[in-house]
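Geometric and topological summary
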Amino acid sequence: MKVKSPLEVYKFLPQTNCGECGFDTCMSFAAHIIDRSVKPENCPPLIKDAEKDPKIKKKLDQLIELTSPEVAEVVVGKGDMAIKIGGEDVIHRHEMTYFNPTAFFYDVWDTMSDKELEERCSKVIEFKKFYVGKFLTLDGFAVRCTSNDPETYRSVVKKVAGYGKPMILVSLNPDCMRAALEEVSEEKPLIYAATESNWRDFLKLALEFKVPVTLRAKDLDLLKSLAVTFKNAGVEEIVLDPVTEPLGEGLKGTYERVINLRRTAIQGEDKDIAFPIMVTPIAAWLMEGDEVEKGYWETVLGSLFVVKYADVMIFRSLEPYSLLPLVTLRFNIYTDPRTPVQVEPGLRPIADPDEDSPVFITTNFALTYYTVESDLTSANIKSWLLVLNTEGLGVEVSVAGGQFTAGKVKELMEETKIEGKVKHKILVIPGLAARLQGAIEDETGWTVKVGPMDSGRIKGWLETNWPPK
Amino acid sequence: MGKMTIDQFFELLKKYDIEVLEGVTIEGDLEIEVEEGAAADQSTLAYLYTVVQEVQNFLYFANMAMGHLANVSNLLGMPMPFGVQAPQVPQVPQVPQPPAAVEEVAVPEIKLPEELIKAKFEPFKVEYPGKIQEVVLGATKKDGGTRGDVVVLGGEKSLPFYLFDTPQPNLPAVAIDVFDRKPALAKAVREHYEDVLEDPADWAKKAVKKFGADLITLHLISTDPLLEDTPANEAVKVLEDVLQAVKVPIIIGGSGNKEKDPEVLERAAEVAEGERIMLASATLDMDWERIAKAAKDHGHVVLSWTQMDINNQKTLNRYLLKRAQVRPEDIVMDPTTAALGYGLDYAFTNMERIRISGLRGDSDLAFPMSSGTTNAWGAREAWMKDSPIENDSDWGPRELRGPIWEIVTGLTLSLAGVDLFMMMHPGAVAVLKEIMGTLGGKISGSVADPGDWIFMEG
Ligand code: SF4
């Protein structure tokens, strides 16, 4: 967005501090516009006044323009299932955050048997992977027209639409695309793709059915020409596909094109190409090799462009070895680096502990927590793990900063009723929290032992320290 | 009159976690003065600081911070307590005015243009003033060593594989881990080394000849007082064996024991005199000075290892450079690798920030980076048979999950600027080398038409 300070936003607001937006002051609302948790449209008085007064309307439009993301945001699908792509503001995630995670679409095609189609679609909608307190899922279907027959395509697209997920319609044939759109344009699918040879027909389809459209060209002058032409004709929802080449110099060129597009959009402020980028790792299936090699390479391409700027992707492999790393990586890269990821405080039983198992304590900083938790789990250490709310800070920092205190440890032990779960009264604290040993003993009446600096060494530590003598 | 220097002010901002101050330039010796007087007493300041803290999430730049303080003080009806040129409130910085919105008229009939509107794409160029230090590992005969070849790390002048910005003189290298005692290994890894686990020299040979390692990292973990507690003198004999067995450059690691490692690395530095090995590692909480000295005395390289904190990395590097007088061409950094799903986002962003700082000219951070990519095997997705979570979709065979976990962890960090990967699974090594070689312009190949996936049946 063009503005960086809440002050710049504030001057466009009613400045009455009425609170209707849910914030106490207009200044606070302005701050949230800057961090993109709200939009100008979320200030009801401003919207109401703009309806009455053209001057205010003009101001509102200005504010919307000034605060809209550098890369256009495009919506695919409708209702609850709709997914936003693009809308990015920065080149590196530490400069603020990335916003809309890369959308993952999985391919089906219209010459599959009904049974195959059903199986594949079910796999896509059913996939879930538990991670940091939630289930990660896949986004939608890319329905390819391999029959080159409008009626076949129409009926298969209709079937796939029945699953309710967003869709990309893949066909370069305008007649096939028209047939499909007649059936499902209400679902707001993304159409793929307008090229140098079919662009006029696809432009017509995009305007007529009001659906987002992908422009495909390897030559970036041509890609930009297509974008300018479409925009000029009134198409707002545009996605750019600079053509994914799966290997060799072609892949190197793809990397260059994708980076140049995003950098020129954000840093070069070239609005003509400031649209979401499509990458198609499925192109890996054009290579020689067996299923695993292709699936692996597809995952490599996907990972590369999850990190580097793809906003939407089309994949083939539904094997767990492809899906697990990709959904995890996407979550990691799109996590907001401004807020430490936290986990629920509380008590976690590890490996079915009993009343003789040791009791450990760690922080609710996700990274610390998951490290400790996986160290204990992977070494199969029967234990109780207390997770202290340190407001998402790690051990060292929270001990120094006063979020990790004897008092809070006592509260947590009471809340979780750990005393009733074990026979002993021994708490093992992280090596980095050693200096709280005495304080926690005084506060809780438990014996406090100082564990190793690194939870990876808990196993060795237990060998000499547990069971206690 | 209370005076506050700009440094102190930044310190204050830092205290409130406002750390994104990159790109700020301060001209001259700016001092912020706190005037004596009714409004500017300590409690007012304390209040202002609280406000600063509250608005911290949008204070990206110091000049903005100044704007806020000015504004807040004005709202409170106080004189501006800082004796700097404050922006006049309520006047705000001018923002570019967008053109008036074009009226949209509903077009009943769609008129299509006959021709494409021709446009030229002008890529935005990025140039950095700095350059990452080049570090040579290993020494051949002419330099007093016995290595067959050396490995050169670093030398970048732009982000990884941005060959369209500047050429990248050295592509990242891959070292394979070897241990001086049987370590706990995931099954998918162990099966590739089953026949050599007892013999580090054979292990190293296999890693180089069969799996294409560019370097060998020998971990002397048996020196750990909690394990065999092998004396340093004895442990380094294995290093001699490995130096004999392979011709690639060697990295030597201790057990991670803070007391013992300096001695182990010292002995290693002695017996490998002339070979230009890398001592892994010097850390802030061990006797880094002693390790640095060992490297200096015997012509080796030091790995400067910190725990995912750019400031600590800078501090340790400065200690090595300024206090221990290590030459810049003898330092490699390990800013810590966390596995995919287990902190990779922190590791990635930490490394990316370090690399960008180096490229922007921060010579304390302009060193090649190393990654303990083998850490990826700590992720349960890499080694566990099935998901422990009841409602998870099937995880499939772990033999196929583990290697890709290592690949994706490495690939992600290669994009943050890692120059040296320490890895274990031969398949993961091969795939990571393939993709890095491709992005680096060393591997050719193509498919007939990259658009064929649109039509392919099955
Ligand atoms: S609703 Fe609008 S006018 Fe009311 S406080 Fe929020 S931003 Fe200010």
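**Observations regarding the overall build of chain B**
On a plain count of helices and strands, chain B comes out with 13 helices and 12 strands. The buried share of chain B, reckoned over its 458 residues, is 57%. Roughly 20500 Å² of accessible area belongs to chain B as shown, and the carbon and sulfur atoms make up 50% of that amount.

**Notes on the sheet that holds strand β16 (residues 426-429) of chain A**
Each strand in a sheet pairs with its neighbour through backbone hydrogen bonds, running either in the same direction (parallel) or in the opposite one (antiparallel). Residues and elements named next belong to chain A. Ordered by their spatial adjacency, five strands build an open sheet running β13-β15-β14-β16-β17, and the pairing between neighbours is mixed. Where the open sheet ends on each side, the last strands, each with one partner, are β13 (346-350) and β17 (447-450). Sheet twist, expressed as the average angle between the axes of neighbouring strands with direction ignored, equals 30°. Sheet topology places β13 next to strand β15 (residues 383-388); five bridges connect them, and they run antiparallel.

**Comments concerning the packing of aromatic side chains**
As enumerated under the stated definition, the model contains 18 aromatic pairs over all chains in all. An angle of 50° between the planes, with centres 5.5 Å apart, marks the rings of Y98(A) and Y334(A) as tilted. Here the residue Y98(A) occupies a position in the loop between β2 (83-86) and β3 (103-109), and Y334(A) occupies one in helix α12 (residues 320-334), the gap between them amounting to 236 residues. With respect to burial, Y98(A) and Y334(A) carry one shared label: buried. For the ring pair F179(B) and W203(B), a centre distance of 5.9 Å and an interplane angle of 45° mean the geometry is tilted. Of this pair, F179(B) sits in strand β5 (residues 173-179) while W203(B) is found in helix α5 (residues 200-209), placing the two residues 24 residues apart along the sequence. Put simply, the rings of F179(B), Y193(B), W203(B) and F211(B) touch in pairs and so form one group of aromatic residues. Over the ring of F99(A) we find R36(A), and its NZ or CZ is 3.5 Å from the ring centre.

**Describing helix α9 (residues 220-232) of chain A**
Residues and elements named next belong to chain A. Between the first and last C-alpha of α9 there are 18 Å, a value that for 13 residues agrees with the 18 Å anticipated at 1.5 Å per step. Summarising burial for α9: 10 of the 13 residues are buried, a large majority. All of the buried residues in α9 are L220, L222, L223, K224, S225, L226, A227, V228, T229 and F230. In this fold, the buried residues of α9 make contact with β8 (190-194), α8 (199-209), β9 (213-216), β10 (238-241) and α10 (248-266). Taking the backbone nitrogen of D221 as reference, a side-chain oxygen 2.9 Å away marks D219 as the first, capping residue of α9.

**Quick look at the packing of helix α6 (residues 150-161) of chain A against helix α7 (residues 174-184) of chain A**
All names here are of chain A. Between α6 and α7, whose axes approach to 8 Å, the crossing angle comes to 35°. In terms of crossing hand, the pair formed by α6 and α7 is right-handed. Contact with α6, carried on its side by P150, Y153, R154, V157, K158 and A161, involves D175, C176, A179, A180, E182, E183 and V184 of α7 and no other residues of that element. For the contact of α6 with α7, a count of residues per class yields eight nonpolar, no polar and five charged.

**Considering the nonpolar core**
Counting 215 residues, the largest nonpolar core has L169(A), L215(A), F230(A), Y255(A), I216(B) and I435(B) as the members making the most contacts within it. Those residues in contact with I435(B) that sit more than four places away from it in its chain are L251(A), W297(A), V300(A), L304(A) and L411(B). I83(A), Y192(A), I314(A) and W453(B) belong to the second largest nonpolar core, which has 22 residues in total.

**With respect to the interface of chain A and chain B**
Counting from both sides, the interface comprises 109 residues of chain A and, opposite them, 102 residues of chain B. For the chain A and chain B pair, buried surface summed over both sides reaches about 9400 Å², with 69% attributable to carbon and sulfur atoms. A per-residue breakdown of the area chain A buries against chain B is headed by H94(A), R263(A) and Y296(A), which together make up 7% of the total. One can count six salt bridges joining chain A with chain B. As a salt-bridge pair, D165(B) and R263(A) come within 2.7 Å of each other at their nearest N and O atoms. At the boundary of chain A and chain B, one finds 31 residue pairs in polar contact (both at pLDDT 80 or more). Ranked by residue count, the leading element in the side of chain A that touches chain B is α10(A), at 11 residues. By residue class, the composition of the side of chain A that touches chain B is 56 nonpolar, 24 polar and 29 charged.

**Some words on the pairing of strand β10 (residues 331-334) of chain B**
All names here are of chain B. Judged by which residues are buried, β10 turns out to be covered on both faces: I331 and M333 on one side and V332 and D334 on the other are all buried. Relative to β10, strand β9 (residues 301-305) runs parallel, the two sharing four bridges. Each bridged residue has a counterpart across the sheet, and for S304 the counterpart in β10 is M333. For the crossover from β9 across helix α9 (residues 310-323) to β10, the handedness is right-handed.

**Brief notes about the site of the ligand**
Residue and element names in this part refer to chain A. Taken together, the neighbourhood of the ligand is formed by P14, T16, N17, C18, G19, E20, C21, C26, F29, C43, P44 and P45. Counting residues per element, the ones that place at least two in the shell around the ligand are α2 (26-34) and α3 (44-52). Its residues assigned to classes, the shell around the ligand comprises eight nonpolar, three polar and one charged.

**A few points about the domain arrangement of chain A**
Along its sequence, chain A is carved into domain 1 (6-67), domain 2 (73-333) and domain 3 (346-465). Its C-alpha centre places domain 1 of chain A at a distance of 47 Å from the equivalent point of domain 3 of chain A.

**Focus on the pattern of salt bridges**
Side chains bearing opposite charge may pair, as long as their charged atoms lie close to each other. All names here are of chain A. Here the structure, examined in full by the defined rule, presents 54 salt bridges over all chains. In this structure, E73 engages K39 in a salt bridge whose closest nitrogen and oxygen atoms are separated by 3.8 Å. Placement of E73 in strand β1 (residues 73-76) and of K39 in the loop between α2 and α3 is noted, with a sequence separation of 34 residues between them. Among the salt bridges present, the one from K423 reaches E355, with a minimum N-O distance of 3.7 Å. Note that K423 is positioned in the loop between α15 (406-416) and β16 and E355 in the loop between β13 and β14 (359-363), a separation of 68 residues in sequence. In this structure K423 comes out as exposed when scored by relative accessible area, which is 56%.

**Describing the environment of V397(A)**
Residue and element names in this part refer to chain A. Within the secondary structure, V397 is located in helix α14 (residues 395-401). On the basis of relative accessible area, V397 is assigned to the exposed category, the value being 51%. Sequence spacing of V397 and S171 is 226 residues, and the spatial spacing of their C-alpha atoms is 54 Å.

**Regarding the sheet that holds strand β6 (residues 140-144) of chain A**
Residue and element names in this part refer to chain A. In spatial order, the strands read β10-β9-β8-β7-β6-β3-β12-β11; together these eight strands make up an open sheet with parallel pairing. The sheet terminates laterally at β10 and β11 (278-279), the two strands that pair on one side only. Of the strand pairs in this sheet, β3 and β6 are connected by five bridges, and their pairing is parallel. Bridge pairing in β6 links D107 to A142.

**With respect to the confidence of the model for chain B**
Residue and element names in this part refer to chain B. Chain-level statistics for chain B give a pLDDT mean of 83 and a share of 76% at 70 or above. Low pLDDT, under 50, characterises residues 1-6; the stretch is placed with 18 contacts to residues that sit more than four places away or in other chains. A low-confidence stretch, residues 15-97 (pLDDT under 50), is modelled with 121 contacts involving residues beyond four sequence positions or located in other chains. Our summary of model confidence lists the complex with pTM equal to 0.82 and ipTM equal to 0.85.

Calculation criteria
- Residues numbered from 1 in each chain as written.
- Chains lettered and ligands numbered in written order.
- Predicted model: local features only at pLDDT ≥ 70, side-chain atom pairs only at ≥ 80, totals over all residues.
- Heavy atoms only, no water.
- Helix = DSSP H or I, 4+ residues; strand = E, 2+ residues; numbered from the N terminus.
- Buried < 20%, exposed > 50% of the residue type's maximum accessible area, 1.4 Å probe, protein only.
- Areas by Shrake-Rupley, 256 points an atom, 1.4 Å probe, with all protein chains shown as cover.
- Pairing = 2+ DSSP bridges.
- Axes fitted to C-alpha atoms, helices over the stretch in contact; angles between N-to-C directions.
- Phe/Tyr/Trp six-rings, centres within 6.5 Å; stacked < 30°, edge-to-face > 60°.
- Lys NZ or Arg CZ within 6 Å of the ring centre and 35° of its normal.
- Expected span 1.5 Å × (residues − 1).
- Contact = heavy atoms within 4.5 Å.
- Polar contact = N/O pair within 3.5 Å; in protein donor to acceptor, adjacent residues only side chain to side chain.
- Left-handed = near helix turned anticlockwise from the far one by under 90°.
- Nonpolar A, V, L, I, M, F, W, Y, C, P; charged D, E, K, R; others polar.
- Core = buried A, V, L, I, M, F, W, Y, C linked by side-chain atoms within 4.5 Å.
- Buried area = accessible area lost by both parts, 1.4 Å probe.
- Salt bridge = Lys/Arg side-chain N within 4 Å of Asp/Glu carboxyl O.
- Right-handed = clockwise from strand over helix to strand, strands pointing away.
- Near = heavy atom within 4 Å.
- Domains from an automatic or database assignment.
- pLDDT = per-residue confidence, 0-100.

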